[in-house]
Amino acid sequence: MSETPSTTKKLYIKTYGCQMNVYDSERMAEALGGSGYTEVSSPEEADMILLNTCHIREKAAEKVYSELGRYKDLKIANPDLKIGVAGCVAQAEGEEIMRRQPMVDLVVGPQSYHRLPELEAKAGHGQKALDTDFPEEDKFEKLKSRPKAKRAPAAFLTVQEGCDKFCAFCVVPYTRGAEVSRPVERVLDEARDLVERGVREITLLGQNVNAYHGAGEGGTWGLARLIRELATVDGLERIRFTTSHPNDMEDDLIAAHGDCDKLMPYLHLPVQSGSDKILKAMNRKHTAEEYLRLIERIRAARPDIAMSGDFIVGFPGETDQDFEDTMNLVREVGYGSAFSFKYSPRPGTPAAEKETKMVDPDVASERLHRLQTLITEQQHAFQDAMVGREVSVLFERKGRMPGQMVGKSEYLHAVHVTDDVAVGEIARVRIIESGPNSLGGVVLR
Ligand code: SAM
Ligand code: SF4
């Protein structure tokens, strides 16, 4: 029996936020494929618009409302158009979204997207559909296995969701719920499936991916064991994982960076601040020194590893000295790349409820600017140091220039060449130039 429905409706998905949302959007598109939808790249052509949202900072949440405002004319021109809001804003704000934007037909939280086809069937023409439950059933189990069509050579695979860490600033434990790991066999099945469809690199995803503890043969498996098992999958050449918490960097995971060839030498390990006082107020449960010693151990296992991180500046109570401690930590680590944000109070989180004085917004902006300047300098220094070196590149797509192909090095640098290489090919490349956001090279045959 064919799975292709007779009518084809058009779906436009706009994704905000983290890689987990990118993965979720793919799975939602696949789920709606069963209801006759195929994806399109502009909202004007769509029969359904779905915004997969992020609630991590206030700006991210507000963007959703301004984007919805832009669809008003489309909805007036086409009353059959269905508009849905998914993801963490949907989870956090629920019905409030429909009150603020009555043209929204459907609201679905991140734990319920397997129910999307039913909700889609119910919604429209004044009928509203809302699901922000944390259902008992496993959404991954309920979703059909993934379609067999060929796909890009690098893919995300969610192995763990939710978080039990409760950092004082963070909404994730409230929007994504408690930490849950997918069973080992399910992860392996999905990985094999992806490889059959042309995938050569998989990034394992989780809000706290290194806290992975999935049910496997003989008991509970940690992330290192899962990675080692994935490394035995023929055709899968590269493995990455993100995002990790320093307190869950177990010895076997550190060791895997040294002895598992398929595990790429790049690690995103957020620390948030270099001040112990602020780390304590953030409920991070580690000190700056412990983080630095951890990086020493990781570098002992894999000396060339590229480190990445996340930082928050202007957390309530952050003094000039606290901020200088952050700058010093960044200088000591030497990041290949890092993300930094101005603190944004999130309703319902402990930090937002406390009365600690907010940092003056101009001071916070100035600190963010200084931190970002330092991180950019480090990023460029790391990129420049690649010139003359040989790297391995997985080619993912054509570049913007004629004849150009673009891929990623093992250190996650974007690398472009003008040689004759195919999408999905992994080639040795000598780096010959370093640009602002990418490297140029020549393929070595
Ligand atoms: N689980 C990861 C961790 O522990 O670092 C990442 C979670 S979050 C999706 C990604 C980043 O957003 C965090 O590392 C943090 O730097 C930033 N972030 C989270 N809440 C924030 C807030 N209220 N204000 C500013 N930045 C925030
Ligand atoms: Fe949020 Fe990450 Fe802290 Fe969990 S560990 S509460 S996801 S910042």
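Details of the structure are given in the entry above.
Starting afresh in each chain, residues are numbered from 1 along the sequence in its written order. As a convention, the first chain written is A and the first ligand written is 1, with the rest following in written order. With the structure being a predicted model, the display of local features is reserved for residues of pLDDT at least 70 and the display and counting of side-chain atom pairs for 80 or more, all residues being used for whole-chain, interface and lining totals. Remark: hydrogens and water are excluded; side-chain values derive from all non-hydrogen atoms of the structure.

A. Just the overall build of the chain, in detail. We count a stretch as a helix when DSSP gives it H or I for four or more residues in a row; a strand needs E for two or more, and each element gets its number in order from the N terminus. Check the secondary structure of the chain and you find 16 helices and 21 strands. By principal-axis analysis of the C-alpha atoms, the chain measures approximately 60 × 60 × 50 Å. Using a 1.4 Å probe on the protein chains alone, a residue whose accessible area is under 20% of its type maximum counts as buried, one over 50% counts as exposed, and one in between counts as partly exposed. Out of the 445 residues belonging to the chain, those deemed buried represent 54%. The charge count treats Lys and Arg as positive and Asp and Glu as negative. His and the chain ends do not count. The location of each charge is read from NZ of Lys, CZ of Arg, CG of Asp or CD of Glu. For the chain, the centre of its 58 positive side-chain charges and the centre of its 70 negative side-chain charges are spaced 2 Å apart.

B. Up close: the site of ligand 1. Residues are labelled near a given molecule or strand when at least one of their non-hydrogen atoms is within 4 Å of it. Phe 169, Gln 207, Gln 272, Asp 310 and Ser 344 are the nearest of the 15 residues found near ligand 1. Between ligand 1 and the protein, one listed contact pairs an oxygen atom with a side-chain N or O atom of Gln 272 at 2.7 Å. The backbone of Ser 344 places a nitrogen or oxygen atom 2.8 Å from a nitrogen atom of ligand 1. Look at ligand 1: alone it shows 560 Å² of surface, and the protein chains cover 89% of it. Pairs of N or O atoms within 3.5 Å make up the polar contacts considered here, provided that, within protein, one atom can donate a hydrogen while the other can accept it, and that residues adjacent in sequence are counted only when both atoms are side-chain atoms. Every accessible area reported is derived by Shrake-Rupley at a probe size of 1.4 Å, with residue values counting cover from the shown protein chains alone.

C. Quick peek at the sheet that holds strand E1 (residues 9-15). Strand order in this open sheet of six strands is E2-E1-E3-E4-E5-E6, and the pairing throughout is parallel. With one partner strand each, in any of the chains shown, strand E2 (37-39) and strand E6 (129-131) form the two edges of the open sheet. Averaged over all pairs of adjacent strands, the angle between their axes in this sheet comes to 20 degrees, without regard to strand direction. Strand direction decides the pairing type here: strand E5 (residues 106-108) and E6, joined by three bridges, are parallel. Bridging from a neighbouring strand, Val 107 pairs with Leu 130 of E6. Its contacts with the sheet put helix H1 (residues 19-33) on E1, E2, strand E3 (48-53) and strand E4 (82-87), and the angle it makes with E3 is roughly 155 degrees. Whether two strands pair comes down to DSSP finding at least two bridges between them. Every axis corresponds to a line fitted to the C-alpha atoms, with the helix fit spanning only the stretch in contact, and the corresponding angles, defined between N-to-C directions, vary from 0 to 180 degrees. Residue contacts follow a heavy-atom distance rule, with two residues in contact if any of their heavy atoms lie within 4.5 Å.

D. Fine view of the site of ligand 2. Within the structure, ligand 2 sits among Cys 163, Lys 165, Phe 166, Cys 167, Phe 169, Cys 170, Val 172, Pro 173, His 245 and Arg 284. The residue makeup of the shell around ligand 2, split by class, is seven nonpolar, one polar and two charged. Only Asp, Glu, Lys and Arg are considered charged, only Ala, Val, Leu, Ile, Met, Phe, Trp, Tyr, Cys and Pro nonpolar, and every remaining residue, Gly among them, polar.

E. Representation of the pairing of strand E18 (residues 405-409). The element E18 is largely enclosed, with a buried count of four among its five residues. Of the pairings in the sheet, the one linking strand E17 (residues 390-398) to E18 comprises five bridges and is antiparallel in character. Bridged to Val 393 within E18 is Ser 409. From the end of E17 to the start of E18, which pair antiparallel, there are six residues, and Gly 403 there has a positive phi angle of about 80 degrees. Pairing of E18 with strand E19 (residues 414-417), which is carried by four bridges, proceeds in the antiparallel orientation.

F. Structural view of a nonpolar patch on the surface. Nonpolar side chains (Val, Leu, Ile, Met, Phe, Trp, Tyr) within 5 Å and like charges within 9 Å form the patches, drawn only from residues with over 30% relative accessible area and no salt bridge. Counted as salt bridges are all cases of a side-chain nitrogen of Lys or Arg within 4 Å of a carboxyl oxygen of Asp or Glu. Together, Ile 432, Val 442 and Leu 444 make up a nonpolar patch on the protein surface, roughly 220 Å² of accessible area in all. Looking at the element boundaries, Val 442 is found in strand E21 (residues 439-443). Overall, Val 442 belongs to the partly exposed group, its relative accessible area being 33%.

G. Local environment of helix H16 (residues 361-384). When the terminal C-alpha atoms of H16 are compared, their 34 Å separation across 24 residues agrees well with the 34 Å that a helix rising 1.5 Å per residue should span. Listed in full, the buried residues belonging to H16 are Ala 364, Arg 367, Leu 368, Leu 371, Leu 374, Ile 375, Gln 378 and Gln 383. In this structure, the buried side of H16 is in contact with strand E15 (306-313), helix H14 (320-333), strand E16 (337-342), strand E20 (426-434) and E21. N-capping of H16 is provided by Asp 360, with a side-chain oxygen placed 2.9 Å from the backbone N of Asp 362. A helix's residues, less one, multiplied by 1.5 Å, set its expected span.

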